[in-house]
Amino acid sequence: MVELELKGERQTLPMSMVRNLAVDPDRSVRAAAYHAELQAWERHAMPIASALNSIKGETNLLTRRRKWRDPLEASLFRNAIDEAVLDAMMTAAHESFPHFRRYLHAKARALGIERCAWYDLFAPVGKDAKRWEYDEAKQFIIEQFATYSQKMSDFARRAFEENWIDAPPMPGKRDGAFCMRLRKDESRILTNYKPSFNGLSTLAHELGHAYHNLCLANRTYLQRFTPMTLAETASIFCETIVRNAALQNATPEEQIAILEASLQGSCQVVVDITSRFLFEKAVFERRNERELSVSELCALMREAQEQTYGDGLDPQSLHPYMWCAKPHYYGSAFYNYPYMFGLLFGLGLYALYLDDPDGFRARYDDLLSSTGMADAPTLAEQFGFDIRKPDFWRNSLEVIRQDVERFEALVQGA
Ligand SMILES: [Zn+2]
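Every value quoted in this text rests on a predicted model; they were computed, and no experiment measured them.

How each quantity is defined
- Residues numbered from 1 in each chain as written.
- Predicted model: local features only at pLDDT ≥ 70, side-chain atom pairs only at ≥ 80, totals over all residues.
- Heavy atoms only, no water.
- Helix = DSSP H or I, 4+ residues; strand = E, 2+ residues; numbered from the N terminus.
- Rg over C-alpha atoms; globule rule 2.2 N^0.38 Å.
- Contact = heavy atoms within 4.5 Å.
- Areas by Shrake-Rupley, 256 points an atom, 1.4 Å probe, with all protein chains shown as cover.
- Lys, Arg positive; Asp, Glu negative; His and termini not counted.
- Charge placed at Lys NZ, Arg CZ, Asp CG, Glu CD.
- Axes fitted to C-alpha atoms, helices over the stretch in contact; angles between N-to-C directions.
- Parallel < 35°, antiparallel > 145°, perpendicular 65-115°, else oblique.
- Nonpolar A, V, L, I, M, F, W, Y, C, P; charged D, E, K, R; others polar.
- Donors = N, O, S within 2.8 Å, 3.2 Å for Na, K, Ca; no water.
- Tetrahedral: all angles 85-135°; square planar, octahedral: opposite > 155°, others 65-115°.
- Buried < 20%, exposed > 50% of the residue type's maximum accessible area, 1.4 Å probe, protein only.
- Salt bridge = Lys/Arg side-chain N within 4 Å of Asp/Glu carboxyl O.
- Pairing = 2+ DSSP bridges.
- Core = buried A, V, L, I, M, F, W, Y, C linked by side-chain atoms within 4.5 Å.
- 1 Å grid on protein atoms, 1.4 Å probe; cavity = no way out; pocket = protein on both sides within 12 Å on 5 of 7 lines; lining within 4 Å.
- Points joined across faces, edges and corners; volume = space filled by probe spheres on them.
- Expected span 1.5 Å × (residues − 1).
- Bend = angle between axes of the 7 residues up to and from the residue.
- Phe/Tyr/Trp six-rings, centres within 6.5 Å; stacked < 30°, edge-to-face > 60°.
- Lys NZ or Arg CZ within 6 Å of the ring centre and 35° of its normal.

*Asks:* Would you mind showing me how to read the overall build of the protein here?
*Replies:* Each helix and strand in the protein was counted, giving 17 helices and five strands. Computed over the C-alpha atoms, the radius of gyration of the protein is 22 Å, within 12% of the 22 Å expected from 2.2 N^0.38 for a compact globule of 414 residues. Within the protein, contacts between residues at least 6 apart in sequence are counted, and of these 72% link residues at least 24 apart. Element-wise, carbon and sulfur atoms account for 51% of the exposed surface of the protein, whose accessible area totals about 19,000 Å². Mean positive and mean negative side-chain charge positions of the protein (49 and 57 charges, respectively) differ by 4 Å.

Right, dumping it as structure tokens:
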């Protein structure tokens, strides 16, 4: 439990609720929550550091016994990519940081502050003026999927008509959203629909997973197994279709809200994930020699955040205890870069689609049906592109860069 003072009132809240205050529109609330969170982690850091040292030490030991070069090599194998792919993606990601910093500067301007602090990363910007009722979202998705293909649109209609989707939030229901394959070409979706663009976007995302399952329906059980790197391919693609369509008919205020939500997400997946990757890599290397102290872990985390967020964030307000906050460090190694691969691979495909829609349509379903059949570079090669070259990833990031530009212009005009 975390003690904090909110608007003059002393409160004791669980850590999850304190961290959720990061989305509060009131900056003083966000700041109070951030400071209380850091103090709480500081008090508990010693046993958490001990757990982290043990887990990373065990992974290092198993890596040696299994004759991997290092934990990263084993992780790349698990994720069906290789070092050349990771390097190409990371090269393009590092090149894109200046654009994300421009986004953070524009966000600061929209919030009326000089520079974003860590606790402003999730601050809401703009008013999501338009309410998207469920039925309207459903219609919109069916229509927009049709701009891609009748098959995708018919499939979405079927999912709605056959009641595959458990949509409304209700007491006792778990939060979040996911999609699971049920049988043959059928899936089921759980979501907690809120009448906003975010609700609509999540629905399109999960329908993308269901569409991927449809493409995999004729494969055997083992052939369907899709590595984490390729699991988000269809969902990101579908999300991007509805986002770009919604932007076209939105007022400037709504455009700001839609772009902010999307850029906030990409900033996490590209910038923050890189910081987590750099941190974990450094921890594994040092843990090979000895155990790391709390202050060393904090220093490594701060360094990783400085290298990635750069001048986008106030350097006095980073989050040196992120290694306490994220459970990903305490399970398998490098549970981070596959997220970035997922987003950028989906966006890269979207960029290829815009370039040559007909050629793309003919090959896309085939790619989705093969995600359990070969590693990612081989599949990409069959599709006609090379993910070992930074250019593929640069095209993905170009989709984001254009959004940053649009966001900047809208914020300046507002
Ligand atoms: Zn997903």
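Next comes the rest of the write-up.
*Asks:* Help me understand the packing of helix H5 (residues 134-148) against helix H6 (residues 150-161) in this model?
*Replies:* The description of two helices packed together rests on the angle between their axes and the distance between the axes. Relative to each other, H5 and H6 sit at 155°, their axes nearing to 6 Å. In terms of their interaxial angle, H5 and H6 are classed as roughly antiparallel. Taking contact as the criterion, the partners of Tyr134, Lys138, Ile141, Ile142, Phe145, Ala146 and Tyr148 in H5 are, on H6, Gln150, Met152, Ser153, Ala156, Arg157 and Phe160. When its residues are assigned to classes, the contact of H5 with H6 shows nine nonpolar, two polar and two charged.

*Asks:* What should I look at first to understand the coordination of the zinc ion in this one?
*Replies:* Around a metal, the perfect tetrahedron of four donors has angles of 109.5 degrees, and the perfect octahedron of six donors has angles of 90 or 180 degrees. Distances from the zinc ion to its protein donors, namely His205 (NE2), His209 (NE2), Glu232 (OE) and Glu232 (OE), fall within the range 2.1 to 2.7 Å. Classification of the site at the zinc ion rests on its four donor atoms, whose angles at the metal span 51 to 138°, yielding the label irregular. Read in sequence order, the donor residues for the zinc ion give the motif H-x3-H-x22-E. Of the two residues, His205 and His209 both sit in helix H7 (residues 197-215), four residues apart, roughly one turn of that helix. For His205, a relative accessible area of 14% puts it in the buried group.

*Asks:* Just checking my understanding: could you explain the pattern of salt bridges for this structure?
*Replies:* Where charged atoms from two side chains of opposite charge come close, those side chains can pair. With the rule as written, the count across this model stands at 31 salt bridges. For Glu405, the salt bridge is made with Arg102, and the minimal N-O distance between the two is 3.6 Å. Residue Glu405 is found in helix H17 (residues 390-413), and its partner Arg102 is found in helix H4 (residues 83-111); the two are separated by 303 residues along the sequence. Residue classification places Arg102 among the partly exposed positions, given a relative accessible area of 26%. In this structure, Asp185 and Arg158 form a salt bridge, with 3.1 Å as the shortest nitrogen-oxygen distance. In this pair, Asp185 is assigned in the loop between strand S4 (178-183) and strand S5 (186-190) and Arg158 in helix H6, connecting sequence segments 27 residues apart. One continuous salt-bridge network, built from bridges that share partners, spans Arg102, Glu398, Arg401, Glu405 and Glu408.

*Asks:* Teacher, can you tell me more about the environment of Tyr134 here?
*Replies:* Summarising the element assignment, Tyr134 is placed in helix H5. Judged by relative accessible area, Tyr134 falls into the partly exposed class, the value being 24%. On a C-alpha basis, the gap between Tyr134 and Ala167 in space is 8.6 Å, while along the polypeptide they are 33 residues apart. Setting aside residues up to four positions removed in sequence, Tyr134 forms contacts with Phe160, Ile165, Ala167, Tyr193 and Leu203.

*Asks:* Help me understand the pairing of strand S2 (residues 9-13), please; the structure alone is not making it clear to me.
*Replies:* Consecutive residues of a regular strand have side chains that alternate between opposite faces of the sheet. Note that strand S1 (residues 2-6) and S2 share five bridges and pair antiparallel. Following the sheet pairing, Glu5 is matched in S2 by Arg10. The hairpin formed by S1 and S2 contains two residues between the paired strands, and Lys7 there has a positive phi angle of roughly 50°.

*Asks:* Mind showing me how you'd approach the sheet that holds S5 here?
*Replies:* One key point about sheets: their strands pair by backbone hydrogen bonds, in either a parallel or an antiparallel sense. With respect to topology, three strands assemble into an open sheet ordered S3-S5-S4, the strand pairing being mixed. Only two strands of the sheet have a single neighbouring strand rather than two, namely strand S3 (165-166) and S4. Here S4 runs beside S5; their pairing, made up of five bridges, is antiparallel. Looking at S5, one finds that Arg183 is bridged to Glu186.

*Asks:* Is there a simple way to explain the side chain of Glu186 in this structure?
*Replies:* Following the sequence through the fold, Glu186 ends up in strand S5. The exposure class assigned to Glu186 is buried, which follows from its relative accessible area of 14%. Those residues in contact with Glu186 that sit more than four places away from it in its chain are Arg158, Trp164 and Arg181.

*Asks:* Looking at this structure, how should I read the nonpolar core?
*Replies:* Soluble globular proteins tend to pack their nonpolar side chains together in the buried interior. Among the nonpolar cores identified, the biggest contains 141 residues, and Trp323 and Trp393 are the most heavily contacted of them. Once residues lying within four places of it in the same chain are set aside, the contact partners of Trp323 are Ala45, Ile48, Ala49, Leu52, Phe279, Val294, Leu297, Cys298, Met301, Tyr329 and Tyr330.

*Asks:* When you look at empty space enclosed by the protein in this model, what are you seeing that I'm missing?
*Replies:* In this approach the atoms are scanned with a rolling probe the size of a water molecule, which exposes any empty space left behind. Under the defined criterion, the tally for this structure stands at one cavity of 30 Å³ or more. When its volume is computed, the largest cavity comes out at roughly 30 Å³. Looking at the largest cavity, the residues that line it are Tyr103, Leu104, Leu121, Gln264, Cys267 and Gln268. Elements that contribute at least two residues to the lining of the largest cavity include exactly H4 and helix H11 (252-287). Of the residues forming the lining of the largest cavity, the biggest block, three residues, is contributed by H11.

*Asks:* What's the story with H11 in this structure? I'm lost.
*Replies:* Each α-helix turn comprises 3.6 residues. Residues three or four places apart therefore point the same way. Counted at 1.5 Å a residue, the expected span for H11 with its 36 residues is 52 Å, and the 50 Å between its end C-alpha atoms agrees. Of all the bends in H11, the largest measures some 30° and sits at Gln268. The element H11 is extensively covered by neighbouring structure, given that 27 of its 36 residues are classed as buried.

*Asks:* Looking at this structure, I do not really get the packing of aromatic side chains. What am I missing?
*Replies:* Each pair of aromatic rings is reported with the distance of its centres and the angle of its planes. Per the stated rule, a full pass over the model turns up 35 aromatic pairs. Ring centres 5.9 Å apart and planes at 80° place the aromatic pair Tyr148 and Tyr364 in the edge-to-face group. Pair noted here: Tyr148 is in helix H5 and Tyr364 is in helix H15 (residues 357-369), with a separation of 216 residues, a long-range link. For the pair Tyr148 and Tyr364, a shared accessibility class is recorded, and that class is buried. Judged by centre distance (5.6 Å) and plane angle (65°), the rings of Phe237 and Tyr353 are edge-to-face. Here the residue Phe237 occupies a position in helix H10 (residues 233-248), and Tyr353 occupies one in helix H14 (residues 337-355), the gap between them amounting to 116 residues. For Phe237, a relative accessible area of 0% puts it in the buried group. Residue Tyr353 is classed as buried on the basis of its relative accessible area of 10%. Three or more aromatic residues joined by ring pairs make a cluster, and in this case those are Tyr148, Phe237, Phe341, Phe345, Tyr350, Tyr353, Phe360, Tyr364, Phe383, Phe385, Phe392 and Trp393. Over the ring of Tyr148 we find Arg361; its NZ or CZ atom is 5.6 Å from the centre of that ring. Across from the ring centre of Phe383, 4.5 Å away, lies the NZ or CZ of Arg363, which sits over that ring.

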